[in-house]
Structures are given as structure tokens and as C-alpha cells.
Amino acid sequence: MSTLADTTRALRARGRKALVAYFTAGYPDDDAFDALVRAAAGAGADVVEVGVPFSDPIADGPVIQAASNAALARGVTLARALESIARLSPEVAVPLVVMSYVNPILRLGVDAFAREAARAGVDGAVLPDVAFEESGAFRPVLRGAGLAYVDLVAPTSDDSRTKEIARASDGFVYVVSITGVTGARAAGRNAVEGIIARVRAATDTPAYVGFGVSTPDAAAEIASASDGVIIGSRLVQLAGEGPAPSAAGRVGDFLASVRRALDA
Amino acid sequence: MSRGRFGAYGGQFVPETLMPSLLELEAAYASARADAAFQSELDSLLARYVGRPTPVYLASRFSASLANEARVYLKREDLNHTGAHKINNCVGQALLARRMDKRRLVAETGAGQHGVATATVAALFGMECTVYMGEVDMARQSPNVRRMKLLGATVVPVTSGTRTLKDATNETIRDWVTNVRTTHYIIGSTVGPHPYPTIVRDFQSVIGREARAQMLEAEGRLPSDVVACVGGGSNALGIFSAFLTDDVRLHGVEAGGSRDGDAATLSRGTPGVLHGAFSYLLQDDDGQVSPAHSIAAGLDYPGVGPEHSFLKDAGRVSYQRVNDDDALAAFASLARLEGIIPALESAHALAFVRRAFSGAPSEGRVVLVNLSGRGDKDADAVEGRLP
């Protein structure tokens, strides 16, 4: 079993709602990114998701698109993201998960990616543009290197797809809360209850909800219907809206307030 | 096992949110193909609304300008309603959208021909329509922007990335993923996730079916060569599909651009994933997609349809490059010799013919060129640049 799965099962056993923090690698700069990951772990995030910048991020809204472009302009790509993780993983206690569009992984080679990611200390991967039907070319390779392969289910996935995907997912099931791109709009508890019920009917793997979770109150509301929340665009926005050296402070304070709301 | 492959190419590289819609589209298309009423409505619209069949025309003066006396026929897709082959696919996909009870259409457009065709069928079927177009392309193809607005479509300028077709496609996918329950995405070329490359090819294959029969009638034989420009590749597959098993040379012509870059995806690219399919792609060593360049907005795209990637590797189609200047020269040549203003995209195919058939006379060269669209839209773009 992967480190990620150990962590997520243990969180559930303790009755703790999981908080997953997403950051775009190399944004706003390399030092600030490292500080963000450390601050998130210190402020109560249970998993950190590292987004690999890509030229054509079709599943992302304006905030992550802009961060991705800014990081790319600084030369941050998959290799640099893995270097950052290699630097951070020995000192950060929480699991680190890579989110990457598939093309940079294909360019490197799926085997090489799995090997290098494992060596860097990556615990799992989320590939948002690999449909379940295509996952056979990736899942066994990543698992073989000891990485969790995290699947996504969507509001449009019907009962049988949701169940099949949820059963396959390692560590947690990434529940996309809304039809849309990241950071677009808030999803209510009602919107995710149906999906969560379908996931829970299929597996005891925890269900974490992402896309459109942007405030402590929203996180608490969504977490009351699920096992945890994933926050991305709001953190990236906070990281980018002031000086880079203080990004970790801004984001750490925000995550601490989310942690309090989840624990209340 | 992944589905919808042409050899190694194709597949479905999209967020899960879109997968149920792709499965729905695949099922709707399968049932439509088996439904005689669907086929007869499509045929009727193609005949009475689009104006099919389009003629093949022996371009005698253009032919005479070539050194080797090849006889060059033009498949006149420029004569279709809206002025390009794009409408063939849009009529078919609008019928599919209606069948799936989707009342809103979205589309990407580069040259604007696909945007105009989508806006046209939206008007015809009483559907809502939003077209995404890069800012750069809106400036260089402004007549088509005005046409889309006249037809009642909303045209959204795309300001991200390259501000051309690639990023217009990204924005269209983002709209689709947001509104997928009510919206059908009419992809304009043989690109994107399965089943789009197959559906678009099938709706465009009417070009090749007509042309093959017309050539047999006009010449009593098949052409020796068939030539088409390739951006995403729909007009090329539309005409090639009828000749794949014949002893006919097939030439796909990509945009060789200028010193500023090119859009020669098959000639210079490597396999990867863009916009939902595994296919050749212009990309860097890190797997980031490279910007394309072409004077022809419809070819200015760093990807290509997966079936073309398969046909390239199989050696069945030979892919060539034509640069901006040669395309402009061919544009001027056809306009002045034949009184036909070709789209800059189609001018790339004509430029290849001018180059390839300029050698010593050889017997029996009968060349069929897909004149995929008309060039009225390019009057501004070519201003001051023609030889």
C-alpha cells in the first residue's frame, strides 16, 4: 500500500477531515513555492498537490492558467517540479502528489516519469486529462514504482462509471464538484452528496472534493458530506496577490483558518 | 483497452467530466448511421441547403502554367454555402446535436470558416451559438467575424497564449466542460478525442465520394495525384478517404510558414497529446506545446488529426511543406488565371502543385486538388503581399 493510502486511511480512522493544498510548481518563484509547501504542511494540510505547469491547461480556470504561464516563463516544467519535490520531500512530513497534464509525462516517458517521481519522493499522481479508458497505460506503471494513481469522478459520471472509477483509485477518490474548470464557482453540499454516495457505495477509499472550494465555511460544508477537501485556485491566487517572500505567510494563515473550520 | 485509435494514434485524453458526453455522442452517431431518416435528412440538406454536389473543374489556364502539362482539376468546395468545406461537417453535427437534445453549440475557429459554418447551422436549427476565436485571427479574418455576428452567434475573443487557433480550442473545451449538459461542441476538424476524428472524417468524406465519381466521368480514369492542405486535416481526409485503397498518390500539404516559424506538424513534430488525442504535435523537449505560425489562420495550429499521423507512419500519404510566400504566389496565380480566389489555406495545396509539377513533361499526370474554401476572407491579409 502506498504512503498516500496509509495517510488517507489513518486520517479517516482518526475522524479528521483531510485538507489537500494545491500549488503550481515554481510559482510565484522557486523559493516561495518551497516555503508554501512547508507552510501548508505546518498549517494543517494533510496532503500537498504539486501542479506541473503546462502550455495548454484545459481543465484549469484563469488563476491556475496564469500561474502556470508565469512558472513556464521562468522555465519551470516537469523536470524542475520533480527537482523541487526532491528538495522538499525529506523535510515535509505530508504526502506529495503530482498533478500533471499527460503530455509532459509522455515526453519524458511514462516509465522514466514513474522512476524519477518515486526517486524524488512523490507519493502519487493525478492526471486530469487521462480518461479512465486510457488509464491502463499509466496506472500499472505508476503503481509498479510505488506511486498512488488517483482517479477523478465528475458530476456527469453516471452510477456505473463512478463506481468503476472509485474502485480503481488509490489513496483517495478525487471528486470534481462542478462541471467546469478549476476555481470557476462554488459548489454546495447538495451538489456533491449524490456523487459521494455513489463513491461510498463502491469503495471505502476516502472521497475528497475539489474544484470551487475557496473559503473556510465552504470547506467545512463540503467536508461535512465527504472525507476532505482540495483547495487550489484560492491558494494560488493568495500566493500571487502580494510579494512572493510573504506568500507562505498569507497562504499559511488562510490554511490554518480552513483547518480550524474543518476541525470545529 | 483504449478506444478510437488509428494505429497508435487517437484515443480519449479528456477530463472525466467530458467522458459521458463523448460516450453519448458515440452512441448517437452509431444510431444515426443506422437510421435511414437521418441519412436522408442529411443528404437533403447537403443538396438543397449546402449546394452539393460541388463540381470538379478542369483549371486549364492554371494547368497550362505548369511546365509538365499536368491536368489539374479543382474540387470546388469553395462553392458550398458559407464558402468552404466546413459546412459539410456542421450540418451533420447539428443534426447529431438535435438528436441528443442539445440546444447550444460551441466551436473554435481559426480562419473563421468553421465559425461561420457553425453559426449558420445554429441559425438554421434555432440553436444558441458561441464561437471562440483568437484575437490575432479576429484581426486577420475580420470579414468572417462580421458574418458570424450577422448570423446571431456570440464571438468570444481569445486573449490567452498564442491568441490563435490553439488557444481558441482550449477556451472552447473550457466552455464545453462547464456547460456540457446543454451544449454540443462542434469540433471543426478531424482532431480531438474519439469519436470526433471519425465523425468529422465521415461527414467530410462526401467530398471524396463525389470527386472520385466525377473524375471517372470527366477523365475515364482516376487521378494520378490528389492534393489537399492539412491544418487539423478535415478537408484532406474528406477527399483522401475515397482514394486510400486506389493506386493514387496522396499529398498532404502543411504550412511551412516563414522565418517566424511554421505549422508543419507532421513534417517536424513528434507524437504527444493535445486537445484530447495522441497525434503528432509541435512541442519542445519538456512536452510543452510550441506556437505554430502560418499566414493561413486555418493552418496555424501545432496539432493534427490522429488519422493523418497514422497515414504518415504507414507511408500512405506524403506530407509536404509550403511556405507563406509560395502560398501567396499560388493565391495570386489562381485568382488571375482562373478567376477563382482561393482561401489562403487551399492556396498551400495549389502552391505544392506548382512546385511538384514544374519539371519535365510526364505522361498522364491528372491532379485533383481540393479547393477547400474561397479567399474573400483573405483580402485584407494578402493586401500588399502578393507578387
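Residues numbered from 1 in each chain as written. Chains lettered and ligands numbered in written order. Predicted model: local features only at pLDDT ≥ 70, side-chain atom pairs only at ≥ 80, totals over all residues. Heavy atoms only, no water.

### Some thoughts on the overall build of chain B
Stated precisely, the cut-off is as follows: What counts as a helix is a DSSP run of H or I of at least four residues, what counts as a strand is a run of E of at least two, and both are numbered from the N terminus. Using C-alpha atoms as the atom set, the radius of gyration is obtained and then compared with a globule rule of 2.2 Å times the number of residues to the power 0.38. In this scheme, a residue with accessible area under 20% of its type's maximum is buried, one over 50% is exposed, and one in between is partly exposed, where area comes from a 1.4 Å probe on protein chains only. Contact criterion: two residues are considered in contact whenever any of their non-hydrogen atoms come within 4.5 Å of each other. Calculation of accessible area relied on Shrake-Rupley with a 1.4 Å probe; when residues are assessed, cover is drawn exclusively from the protein chains displayed. Positive charges come from Lys and Arg alone, negative charges from Asp and Glu alone, with His and the N- and C-terminal ends not counted. Taken as the charge centre is NZ of Lys, CZ of Arg, CG of Asp or CD of Glu, depending on the residue.
Counting secondary structure elements, chain B contains 15 helices and 15 strands. For 387 residues, the compact-globule estimate of 2.2 N^0.38 gives 21 Å, and the C-alpha radius of gyration of chain B, at 19 Å, lies within 12% of that figure. For chain B, the C-alpha atoms occupy an extent of roughly 60 × 45 × 45 Å along the three principal directions. Across the 387 residues in chain B, those meeting the buried criterion constitute 65%. Counting contacts in chain B only where the partners sit at least 6 residues apart, residues at least 24 apart contribute 75% of the total. A total accessible area of about 12900 Å² is found for chain B, and carbon and sulfur atoms account for 50% of it. Positive and negative charge centroids in chain B, built from 40 and 43 side chains respectively, lie 2 Å apart.

### With respect to the overall build of chain A
Along chain A, the regular secondary structure elements total 12 helices and 9 strands. Whereas a compact globule of 264 residues would reach a radius of gyration of roughly 18 Å, chain A reaches 17 Å, a difference of no more than 12%. Across the 264 residues in chain A, those meeting the buried criterion constitute 63%. In the structure as shown, chain A presents an accessible area of about 8700 Å², 51% of it carried by carbon and sulfur atoms. Charge-centre separation for chain A: the mean point of 25 positive side chains lies 3 Å from the mean point of 30 negative side chains.

### Looking at unusual backbone geometry
Peptide bonds are trans in most cases, and residues, glycine excluded, mostly fall at negative phi. Residues and elements named next belong to chain B. Cis geometry marks the peptide bond from Arg52 to Pro53; its omega dihedral reads 0°. Its place among the elements puts Pro53 in the loop between helix H2 (36–50) and strand E3 (56–58). Going from His194 to Pro195, the amide bond is cis rather than trans, its omega being 10°. Note that Pro195 resides in the loop between strand E8 (183–185) and helix H9 (196–219). Residue Asp101 is not a glycine yet carries a positive backbone phi of 65°. Its location among the elements puts Asp101 in the loop between helix H4 (86–99) and strand E5 (104–109). Since its relative accessible area comes to 59%, Asp101 is described here as exposed. A positive phi angle, near 55°, is found at Arg163, a position not held by glycine.

### Points about the sheet that holds strand E2 (residues 47–51) of chain A
All names here are of chain A. Applied cut-off: Between any two strands, pairing holds if DSSP finds at least two bridges.
Within the open sheet, the 9 strands sit side by side as E5-E4-E3-E2-E1-E9-E8-E7-E6. Their pairing is parallel. With one partner strand each, in any of the chains shown, strand E5 (148–150) and strand E6 (152–153) form the two edges of the open sheet. Here 4 bridges tie strand E1 (residues 18–24) to strand E9 (residues 228–231), and the two strands are oriented parallel to one another. Within the sheet, the bridge partner assigned to Ala21 lies in E9 and is Ile231.

### A look at the confidence of the model for chain B
Any segment with low pLDDT has predicted coordinates that should not be analysed in fine detail. The condition is simple: Summary of the metric used: pLDDT quantifies the predictor's per-residue confidence within the range 0 to 100.
Considering every residue of chain B, the mean pLDDT works out to 96; 99% of them sit at 70 or more. This prediction of the complex comes with two scores: 0.97 for pTM and 0.97 for ipTM.

### Notes on helix H2 (residues 30–42) of chain A
An α-helical turn contains 3.6 residues, so any two residues separated by three or four positions project in the same direction. Residues and elements named next belong to chain A. Short version of the rule: Helices are assigned an expected span. That span is 1.5 Å times one less than the residue count. Any pair of nitrogen or oxygen atoms within 3.5 Å is treated as a polar contact; in protein, a donor-acceptor pairing is required on top of that, and neighbouring residues in sequence qualify only through side-chain atoms on both sides.
The first and last C-alpha atoms of H2 sit 19 Å apart over 13 residues, in line with the 18 Å expected at 1.5 Å per residue. The N-capping residue of H2, defined by a side-chain oxygen 3.2 Å from the backbone nitrogen of Asp31, is Asp29. One or two positions beyond H2, positive phi appears at Gly44, with a value near 110°.

### Things to note about the packing of helix H10 (residues 216–223) of chain A against helix H12 (residues 247–263) of chain A
Relative orientation and spacing of two packed helices are given, respectively, by the angle between their axes and the distance between those axes. Residue and element names in this part refer to chain A. Our working definition: Lines fitted to C-alpha atoms define the axes here, with helix axes fitted over just the stretch in contact, and angles between the N-to-C directions of these axes take values from 0 to 180 degrees. Should the near helix be turned anticlockwise from the far one by less than a right angle, the crossing is termed left-handed; should it be turned clockwise, right-handed. Residues are sorted three ways: Asp, Glu, Lys and Arg are charged, Ala, Val, Leu, Ile, Met, Phe, Trp, Tyr, Cys and Pro are nonpolar, and all the rest, Gly among them, are polar.
H12 packs onto H10 with a crossing angle of 35° between their chain directions and a minimal axis gap of 8 Å. Handedness of the H10/H12 crossing: right-handed. Between H10, through Pro216, Ala219, Ala220 and Ala223, and H12, the contact on the second element is made entirely by Phe254, Ser257, Val258, Ala261 and Leu262. Here the contact of H10 with H12 is composed, by residue class, of 8 nonpolar, 1 polar and no charged.

### Here's the deal with helix H11 (residues 233–240) of chain A
Those residues of H11 of chain A not exposed but buried are Ser233, Leu235, Val236, Leu238 and Ala239 of chain A. Contact partners of the buried residues in H11 of chain A: E1, H2, helix H3 (62–73), E9 and H12 of chain A.

### Details of the pattern of salt bridges
Where side chains of opposite charge bring their charged atoms close, a pairing between them can arise. Put simply, the test is: The term salt bridge refers to a pairing of a side-chain nitrogen on Lys or Arg with a carboxyl oxygen on Asp or Glu at a separation within 4 Å.
Inspection of the entire model under this criterion finds 43 salt bridges over all chains. Salt-bridge contacts for Arg38 of chain A lead to Glu91 of chain A; the nearest nitrogen and oxygen are separated by 2.7 Å. Of the two residues, Arg38 of chain A is situated in helix H2 and Glu91 of chain A in the loop between helix H4 (78–88) and strand E3 (96–99); the sequence distance between them amounts to 53 residues. Judged by relative accessible area, which is 47%, Glu91 of chain A ranks as partly exposed. Measuring nitrogen to oxygen at the nearest pair gives 2.8 Å for the salt bridge that ties Glu210 of chain B to Arg52 of chain B.

### What about the interface of chain B and chain A?
By convention, interface size is frequently given as the accessible area that disappears when the constituent parts associate. Which entries qualify depends on this criterion: Buried area: the accessible surface (1.4 Å probe) lost by two parts on joining, summed over both.
Across the boundary between the two partners, chain B contributes 39 residues, which contact 36 residues of chain A. Looking at the side of chain B facing chain A, the largest losses of area belong to Glu16, Arg174 and Gln288 of chain B, adding up to 23% of the total buried there. Viewed at the interface, chain A and chain B are joined by 4 salt bridges. Across the pair Glu16 of chain B and Arg161 of chain A runs a salt bridge whose closest N-O atoms are separated by 2.7 Å. One can count 23 residue pairs in polar contact (both at pLDDT 80 or more) joining chain B with chain A. Secondary structure elements with two or more residues in the side of chain B that touches chain A: helix H1 (19–33), helix H8 (165–178), strand E12 (270–274) and strand E13 (277–281) of chain B. With 8 residues, H8 of chain B is the single largest residue contributor to the side of chain B that touches chain A. Grouping the constituent residues of the side of chain B that touches chain A by class yields 15 nonpolar, 13 polar and 11 charged.

### Observations concerning the side chain of Ser279 of chain B
Residues and elements named next belong to chain B. The residue Ser279 is located in strand E13 in this model. There is a polar contact of 2.6 Å between the side chain of Ser279 and the side chain of Ser309. Other than its neighbours up to four places away in sequence, Ser279 contacts Tyr9, Thr270, Pro271, Gly272, Val304, Gly305, Pro306 and Ser309.

### Looking at the packing of aromatic side chains
Let me state the cut-off plainly: Classification of ring pairs rests on two measures: the distance between centres of Phe, Tyr or Trp rings, Trp counted by its six-membered ring, which must be within 6.5 Å, and the angle between planes, read as stacked under 30 degrees, edge-to-face over 60 and tilted in between. Any Lys NZ or Arg CZ found within 6 Å of a ring centre and within 35 degrees of that ring's normal is scored as a charge over the ring.
Scanning all chains against the criterion turns up 10 aromatic pairs over all chains. Where Phe172 of chain A meets Tyr174 of chain A, the ring centres are 6.4 Å apart and the plane angle is 35°; that geometry is what we call tilted. Ring centres 6.2 Å apart and planes at 50° place the aromatic pair Tyr185 of chain B and Tyr196 of chain B in the tilted group. Linking Tyr185 of chain B in strand E8 with Tyr196 of chain B in helix H9, this pair joins segments that are 11 residues apart in sequence. There is no split in this pair, since Tyr185 of chain B and Tyr196 of chain B are both buried. Among the aromatic side chains, those forming a connected cluster through ring pairs are Phe172, Tyr174, Tyr208 and Phe211 of chain A. A cation sits over an aromatic face here: Arg234 of chain A above Phe254 of chain A, 5.6 Å from the ring centre. When the ring centre of Tyr280 of chain B is taken as origin, the NZ or CZ atom of Lys312 of chain B, which lies over that ring, is 5.4 Å away.

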